[in-house]
Amino acid sequence: MTNANATDRTIDPLALRHQIFGDEPLRVRDTDHYTQEYVGGLVDKWDELIDWDRRAEGEGRFFVDQLRTRGVRRVLDVATGTGFHSVRLLDEGFETVSADGSPQMLARAFRNGLEHGGHVLRTVRADWRWLNRDVHGEFDAVICLGNSFTHLFSEHDRRKALAEFYAMLTHDGVLIIDQRNYDAVLDGTAGGNRTYYYCGARVTAEPHHVDEGLARYRYAFPDGSEYFLNMFPLRKDYLRGLLRDVGFQRVDTFGDFQADYSDGEPDYFVHVAEKQ
Ligand code: SAM
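Residues numbered from 1 in each chain as written. Predicted model: local features only at pLDDT ≥ 70, side-chain atom pairs only at ≥ 80, totals over all residues. Heavy atoms only, no water.

Participant: Can you walk me through helix α11 (residues 236-245) in this structure?
Facilitator: In an α-helix there are 3.6 residues to a turn, and that puts residues three or four apart on one side. Within the span of α11, buried status applies to Lys236, Leu239, Leu242 and Leu243. On an axial view of α11, the arc spanned by its buried residues comes to 130 degrees, and they lie on one face. Of the exposed residues in α11, those oriented more than 90 degrees away from the buried face are Asp237 and Asp245. Along its buried surface, α11 packs onto α9 (155-168), β5 (169-180), α10 (182-186), β9 (250-255) and β10 (268-274). After α11 finishes, the residue Gly247 shows a positive phi value of roughly 125 degrees. (Buried < 20%, exposed > 50% of the residue type's maximum accessible area, 1.4 Å probe, protein only. Helix = DSSP H or I, 4+ residues; strand = E, 2+ residues; numbered from the N terminus. Arc of directions from axis to C-beta. Contact = heavy atoms within 4.5 Å.)

Participant: Sorry if this is basic, but what is going on with the packing of helix α4 (residues 52-59) against helix α6 (residues 84-91) here?
Facilitator: Helix packing for two helices is described by the angle between their axes and how far apart those axes are. Where α4 meets α6, the closest approach of the two axes is 12 Å, and the angle between their N-to-C directions is 65 degrees. The handedness of the crossing between α4 and α6 comes out as right-handed. Along the contact surface, α4 presents Trp52, Arg55, Ala56 and Glu59, while α6 presents Phe84, His85 and Val87. Residue composition of the contact of α4 with α6, by class: four nonpolar, one polar and two charged. (Axes fitted to C-alpha atoms, helices over the stretch in contact; angles between N-to-C directions. Left-handed = near helix turned anticlockwise from the far one by under 90°. Nonpolar A, V, L, I, M, F, W, Y, C, P; charged D, E, K, R; others polar.)

Participant: How should the packing of aromatic side chains be read in this particular structure?
Facilitator: A ring pair, where both rings are aromatic, is described by two values, the distance of the centres and the angle of the planes. Going through the model one piece at a time under the given rule, you end up with 13 aromatic pairs. Here the aromatic rings of Phe153 and Phe232 are separated by 6.4 Å at their centres, their planes lie at 80 degrees, and the arrangement is edge-to-face. You can see Phe153 sitting in the loop between β4 (139-144) and α9 and its partner Phe232 sitting in the loop between β8 (226-231) and α11, a full 79 residues away along the chain. For the pair shown, Phe153 and Phe232 are each scored as buried. Ring pairs connect the aromatic residues Phe62, Phe63, Phe254 and Phe257, which therefore count as one cluster. Positioned above the aromatic ring of Phe232 is the side chain of Arg158, whose terminal nitrogen or guanidinium carbon lies 3.8 Å from the ring centre. In this structure, Lys236 is placed above the aromatic ring of Phe269, and the distance from its NZ or CZ to the ring centre is 5.3 Å. (Phe/Tyr/Trp six-rings, centres within 6.5 Å; stacked < 30°, edge-to-face > 60°. Lys NZ or Arg CZ within 6 Å of the ring centre and 35° of its normal.)

Quick look at the structure:
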């Protein structure tokens, strides 16, 4: 596992086990903070939250088909988390490199790879903002899934990360990036359906606070434990615009994996952005 990051600081041992949001959690609106959110307990609980079997059922062959129809062989999973998509793609025969900025998530992904099919994941600890420094080679596809891009809190960081994704791709490569339907959350029309992504039957995932600059979600588990994530509520057309701005020529957006949808309905959007 590569361990290099321009934002590295001395780590408080407590912060390896517990999420730390301080006295004013609603003021935590910081791109670097994800490294203090995906730690200890939440990492242990993540697979209960996403439920691999139900998630696989919900997604079906959507991502595999998107990649196959474009002749993709090499995939860079930039938001590996606990490895769900990396493992899925390895099962399907894609050559996959698994990156993430959280060493604890990557360690769990590595273990999951071994346990789900005996895959030895090629893991790289890398922050998206310095991806090209830490991950080498060219990829036919970059995937950034599970509502991960929402962790970037400034437009500068979003543009920087997308430019880094773009640069990792071959001349005709594709970026597949998804997001929660924050328009519906911000505009008060969200249904709260968890069918596709956060599928754990007995886990509650709900907005704790939402404004134009912060979506703070609470995740409650049957054992009484609870965790939080502070995220930036990306609007769909804003993200589509950024994808065009950094150079993607064609951006197709799906709502809950369907090409036909009306804006308020889907829980999640998936953007498929082609370089040429
Ligand atoms: N893709 C996985 C899934 O769907 O289960 C994980 C999704 S989780 C919501 C977001 C992941 O993105 C975390 O593992 C986190 O460490 C990673 N992440 C967030 N911001 C990042 C950044 N700036 N650079 C690299 N990884 C980041």
